[in-house]
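Letter by letter, the chains look like this.
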Amino acid sequence: MITDEHTKVSSNELYPYMAAIMKKTSYISAGALIDESWIITGADSLYMIRDLSRILRVRLGSINYKKGGLLSPVKYIHIHPLFDDSKPQFDIALIKLATPLRLTPNLNPIKLLKKPRQITATHFIVTAWPGPLQVSKNHTSLDSVELLRRRILTISHVHPLDTEECGDHLEAQGINNTGGVMCLDPAVDGDPCQRDTGAPVVLNGILWGVISSWRSEDCQMENGATFVTLVSNVNISSWIHATIHGHKVTKKHGIDYDDNFI
């Protein structure tokens, strides 16, 4: 279970790596700054617009996805080549910003976990924006206040499932987990069919993965696990390194880890 429900973040400097991915003026997903030119996020929310980078913007250095900080154009998008929008595996993408950032206390990248580790932590930190409410004819004035509140970054402390239980969740969906996916407990608040898409999953200031938007078709009936794409999996880490440094990924690709990884 979540130990803290989504709690509002009060300062830009608390999570200076956070990025809000915007389609024109609409929020579509969270992401994380991993160096002065690159954002890591989920693939699914970008998959259908991957060739339309001109309509995307990334807001950084602000807890409000609508204002403040820096709003950067996007140069291009890379979707992981093994991503399949019918599965939660490899649900990861990289966004290159139009120009490199000048790093500040409000704009600072997060380190990525270099090698797979056994999950022993009791909880991970997840930061994301709730995003806009679905508009309906029954909206009241209170809904407008809630709409403004949902523009502010939130933090949750989320428990991981053990490896065996995670495997059961994946197997139920016909997926064989090869180590690239971690499972988090289902959310106890909010819509059971919504996920904090692209949100960074962090432990001790290190990025372990990003949240997949994937959920089962019967999510309204059974609130299933939240899936996380792990950046330390060799099929992910080698692709990240190769993409950032302009190499082609092959099965024999050697990973020359740099300052992005720890």
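Residues numbered from 1 in each chain as written. Predicted model: local features only at pLDDT ≥ 70, side-chain atom pairs only at ≥ 80, totals over all residues. Heavy atoms only, no water.

- Going by an unreviewed UniProt entry, the chain carries the name Peptidase S1 domain-containing protein and comes from Pieris brassicae.

## Focus: the pairing of strand S13 (residues 206–211)
At step 1: The element S13 is extensively covered by neighbouring structure, given that six of its six residues are classed as buried.
At step 2: Pairing between strand S8 (residues 111–112) and S13: two bridges, direction parallel. Each residue of the ladder has a partner; that of Lys111, found in S13, is Ile206.
At step 3: As judged from the four bridges shared by strand S12 (residues 200–203) and S13, these two strands associate in the antiparallel manner. When the sheet's bridge partners are listed, Leu203 is paired in S13 with Ile206. (Buried < 20%, exposed > 50% of the residue type's maximum accessible area, 1.4 Å probe, protein only. Helix = DSSP H or I, 4+ residues; strand = E, 2+ residues; numbered from the N terminus. Pairing = 2+ DSSP bridges.)

## Topic: the state of the cysteines
Cysteine pairs can be linked by a disulfide, which is a covalent bond between their two sulfur atoms.
At step 1: Within the structure shown, the criterion is met by one disulfide.
At step 2: Residue Cys166 pairs covalently with Cys183 via a disulfide, S to S 2.0 Å. Because the torsion about its S-S bond is 65°, the bridge between Cys166 and Cys183 counts as right-handed. Linking Cys166 in helix H3 (residues 163–172) with Cys183 in strand S11 (residues 181–184), this pair joins segments that are 17 residues apart in sequence.
At step 3: On the basis of relative accessibility, which here comes to 0%, the residue Cys183 falls in the buried class. (Disulfide = S-S within 2.5 Å.)

## Comments concerning the sheet that holds strand S5 (residues 56–60)
At step 1: Taken in spatial order, the six strands of this closed barrel run S2-S3-S4-S7-S6-S5, and their pairing is antiparallel. Recorded for the sheet is a direction-independent mean angle of 40° between the axes of neighbouring strands.
At step 2: Bridge analysis of strand S2 (residues 18–23) against strand S3 (residues 26–33) gives six bridges, and the strand direction is antiparallel. Residue pairing for S3: Ile21 is matched across the bridge by Ser29.
At step 3: Here helix H4 (residues 234–245) sits on the sheet in contact with strand S4 (38–41), strand S6 (70–79) and strand S7 (93–97), set at roughly 20° to S7. (Axes fitted to C-alpha atoms, helices over the stretch in contact; angles between N-to-C directions. Contact = heavy atoms within 4.5 Å.)

## Structural notes on the packing of aromatic side chains
At step 1: Tallying each qualifying case throughout the model produces six aromatic pairs.
At step 2: Taken together, a centroid distance of 6.2 Å and an interplanar angle of 65° make the contact between Trp38 and Tyr76 edge-to-face. Taken together, the residues span a long stretch of sequence, with Trp38 in strand S4 and Tyr76 in strand S6 at a distance of 38 residues.
At step 3: The exposure class of Trp38 is buried, given its relative accessible area of 3%.
At step 4: A ring pair is formed by Tyr47 and Phe83, whose centres lie 5.4 Å apart and whose planes are at 70°; its orientation type is edge-to-face. Residue Tyr47 is found in helix H1 (residues 44–47), and its partner Phe83 is found in the loop between S6 and S7; the two are separated by 36 residues along the sequence. (Phe/Tyr/Trp six-rings, centres within 6.5 Å; stacked < 30°, edge-to-face > 60°.)

## Here's the deal with a negative patch on the surface
At step 1: There is a patch of like negative charges on the surface, built from Asp162, Glu164, Glu165, Asp168 and Glu171.
At step 2: Mapped onto the elements of the fold, Asp168 is located in helix H3.
At step 3: Using a relative accessible area of 44% as the deciding quantity, one classes Asp168 as partly exposed. (Patch = residues over 30% accessible without salt bridge, like charges linked within 9 Å, V, L, I, M, F, W, Y side chains within 5 Å. Areas by Shrake-Rupley, 256 points an atom, 1.4 Å probe, with all protein chains shown as cover. Salt bridge = Lys/Arg side-chain N within 4 Å of Asp/Glu carboxyl O. Lys, Arg positive; Asp, Glu negative; His and termini not counted. Charge placed at Lys NZ, Arg CZ, Asp CG, Glu CD.)

## Some details on H4
At step 1: Here H4 contains 12 residues, and its C-alpha end-to-end distance of 16 Å stays within 8% of the 16 Å for a straight helix at 1.5 Å per residue.
At step 2: Where burial is concerned, most of H4 is hidden: nine out of the 12 residues are buried.
At step 3: Within H4 the residues assigned to the buried category are Ile236, Ser237, Ser238, Trp239, Ile240, His241, Ala242, Thr243 and Ile244.
At step 4: Along its buried surface, H4 packs onto S4, S6, S7, S8 and strand S14 (226–230).
At step 5: Two or three places before Asn235, at the start of H4, stands the capping residue Asn233, its side-chain oxygen 3.0 Å from that residue's backbone nitrogen.
At step 6: Looking one or two residues beyond H4, the residue adopting positive phi is Gly246, at roughly 75°. (Expected span 1.5 Å × (residues − 1). Polar contact = N/O pair within 3.5 Å; in protein donor to acceptor, adjacent residues only side chain to side chain.)

## Here we look at the pairing of strand S10 (residues 154–158)
At step 1: Summarising burial for S10: five of the five residues are buried, a large majority.
At step 2: Across the two faces of S10 the burial is the same, with Thr154, Ser156 and Val158 and Ile155 and His157 all buried.

## Quick look at H3
At step 1: You can read the cap of H3 off the contacts: a side-chain oxygen lies 3.2 Å from the backbone nitrogen of Glu164, and it is on Asp162.
At step 2: Just past H3, the residue Gly174 takes up positive phi, approximately 75°.

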